[in-house]
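A structural walkthrough
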Amino acid sequence: MLRQLTLTRDISRWLLMPWRRNCSSNAGKEKPFFTPINDVIVDFDDPDHLPIPEYPARPNEPLARRKQRLIYQSRKRGMLENDLLLSTFVAKYLNDFNEEQTAIYDQLINGVSNDWDIFYWATGVKPTPPEYDTEIMRLLKEHVKNAERVTRFRQPDLN
């Protein structure tokens, strides 16, 4: 047991040595590279010079097919946080959406170029822009609050 503790201490010293050296050599100068950030979300504005393609409108898509596509797109966002939030939201509410509500949800998840924006709006970290502040976004925000205290560690099963 003592041998393991000694080995762990030696390894941690070896790993932290460059960082400690950096901190001591920069005393009184600028802060070291590794400084703790206390719950600060670093979110930069999207640059204007990047061309973002427009999401193609599908005006003649049947409602059943649109709902199937939205189920898939809600499950495969590319970031686990939105996968869990949107897939559970869709499993709970999408079947009851009419055509207009489905179109609003489609615009919400496909019109935004950055999935972190959807996550920040839904969790209330950033204010929702007026064009996305719809009844569906308000329903999503209520879903995210999870008043029922439902465990959401995995995506719901597909039917």
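Just above sits the structure.
These notes cover the structure that comes with them. (Residues numbered from 1 in each chain as written. Predicted model: local features only at pLDDT ≥ 70, side-chain atom pairs only at ≥ 80, totals over all residues. Heavy atoms only, no water.)

**A look at helix H4 (residues 99–111)**
To keep things clear, this is the line we draw: Segments assigned H or I by DSSP are reported as helices when at least four residues long, segments assigned E as strands when at least two residues long, and all are numbered from the N terminus. Take the residue count of a helix, subtract one, and multiply by 1.5 Å to get its expected span. Note on exposure labels: buried denotes an accessible area under 20% of the residue type's maximum, exposed denotes more than 50%, and partly exposed covers the range between, all computed with a 1.4 Å probe on protein chains only. Between two residues, a contact is recorded if the distance between any of their heavy atoms is within 4.5 Å.
With 13 residues, H4 extends 17 Å between its outermost C-alpha atoms, agreeing within 8% with the 18 Å of an ideal straight helix rising 1.5 Å per residue. Regarding H4, the residues found buried are Gln101, Thr102, Tyr105, Asp106, Leu108, Ile109 and Asn110. In this structure, the buried side of H4 is in contact with helix H2 (63–75), helix H3 (80–93), helix H5 (115–123) and helix H6 (135–145).

**Details of the nonpolar core**
Spelled out, the test is: To qualify as a nonpolar core, a set must consist of buried Ala, Val, Leu, Ile, Met, Phe, Trp, Tyr and Cys residues joined through side-chain atoms within 4.5 Å.
Core analysis: the largest hydrophobic core is formed by 23 residues, its most contacted members being Phe89, Phe97, Tyr105, Leu108, Ile109 and Leu140. For this core, the secondary-structure elements that each account for two or more residues are H3, H4, H5 and H6.

**Description of unusual backbone geometry**
Backbone geometry at Asn146 places phi at a positive 55°, although glycine is not the residue there. Here Asn146 is to be found in the segment after H6. Residue Asn146 is classed as buried on the basis of its relative accessible area, which comes to 12%.

**Thoughts on the packing of H2 against H4**
For clarity, the threshold we go by: An axis is simply a line fitted to the C-alpha atoms; with a helix, the fit covers only the stretch in contact. Between two such axes, the angle follows the N-to-C directions and lies from 0 to 180 degrees. Rotating anticlockwise by less than a right angle from the far helix to the near helix defines a left-handed crossing, while the corresponding clockwise rotation defines a right-handed one. Three categories are distinguished: nonpolar for Ala, Val, Leu, Ile, Met, Phe, Trp, Tyr, Cys and Pro, charged for Asp, Glu, Lys and Arg, and polar for the others, with Gly belonging to the last.
The N-to-C vectors of H2 and H4 enclose an angle of 35°; their axes lie 11 Å apart at closest approach. In the packing of H2 onto H4, the handedness of the crossing is left-handed. In contact with Leu63, Arg66, Lys67, Arg69, Leu70, Gln73 and Ser74 of H2, H4 contributes Glu99, Thr102, Ala103, Tyr105, Asp106, Ile109 and Asn110. For the contact of H2 with H4, a count of residues per class yields five nonpolar, four polar and five charged.

**Some details on the packing of H3 against H6**
Under the convention used in this document: Here is the rule for angles: anything less than 35 degrees is roughly parallel, anything more than 145 is roughly antiparallel, 65 through 115 is roughly perpendicular, and the remaining ranges are oblique.
Running from N to C, H3 and H6 cross one another at 110°; their axes reach a closest spacing of 10 Å. By the angle between their directions, the pair H3 and H6 is classed as roughly perpendicular. For the pair H3 and H6, contact is made by Leu85, Leu86, Thr88, Phe89, Lys92 and Tyr93 and by Ile136, Leu139, Leu140, His143 and Val144, respectively. For the contact of H3 with H6, the residue count by class is eight nonpolar, two polar and one charged.

**Side note on the side chain of Arg77**
This is how the line gets drawn: Think of a polar contact as two N or O atoms within 3.5 Å of one another; within protein, one of them needs to be a possible hydrogen donor and the other a possible acceptor, and neighboring residues in sequence only count if both atoms come from side chains.
For Arg77, the location among the structural elements is in the loop between H2 and H3. Arg77 gets classed as buried once you look at its relative accessible area, which sits at 16%. In this structure the side chain of Arg77 is engaged in a polar contact, spanning 3.4 Å, whose partner is the backbone oxygen of Gln73. For Arg77, the side chain forms a polar contact with the side chain of Asp115, separated by 2.8 Å.

**Let's talk about the layout of surface pockets**
Rules: Here the term cavity refers to a set of points on a 1 Å grid, laid over the protein atoms alone, in which a 1.4 Å probe fits but cannot get out; the term pocket refers to an open set having protein on both sides within 12 Å along at least five of seven lines, with lining residues being those that place an atom within 4 Å of a point. Grid points are joined across faces, edges and corners, and a volume is the space filled by probe spheres set on the points.
Looking at the largest pocket, its volume works out to about 370 Å³. What lines the largest pocket is a set of 18 residues, among which Ile52, Gly111, Val112, Ser113 and Tyr132 lie closest to the centre. Counting only elements with at least two residues in the lining of the largest pocket, the list comes to H4 and H5. With four residues, H4 is the single largest residue contributor to the lining of the largest pocket. Looking at the lining of the largest pocket residue by residue, the class counts come to eight nonpolar, four polar and six charged. The space that makes up the second largest pocket amounts to roughly 190 Å³. Surrounding the second largest pocket, Ile71, Arg75, Ser87, Val90, Ala91, Leu94, Asn95, Pro156, Asp157, Leu158 and Asn159 form its lining. Mapped by element, the contributors of at least two residues to the lining of the second largest pocket are H2 and H3. With three residues, H3 is the single largest residue contributor to the lining of the second largest pocket.

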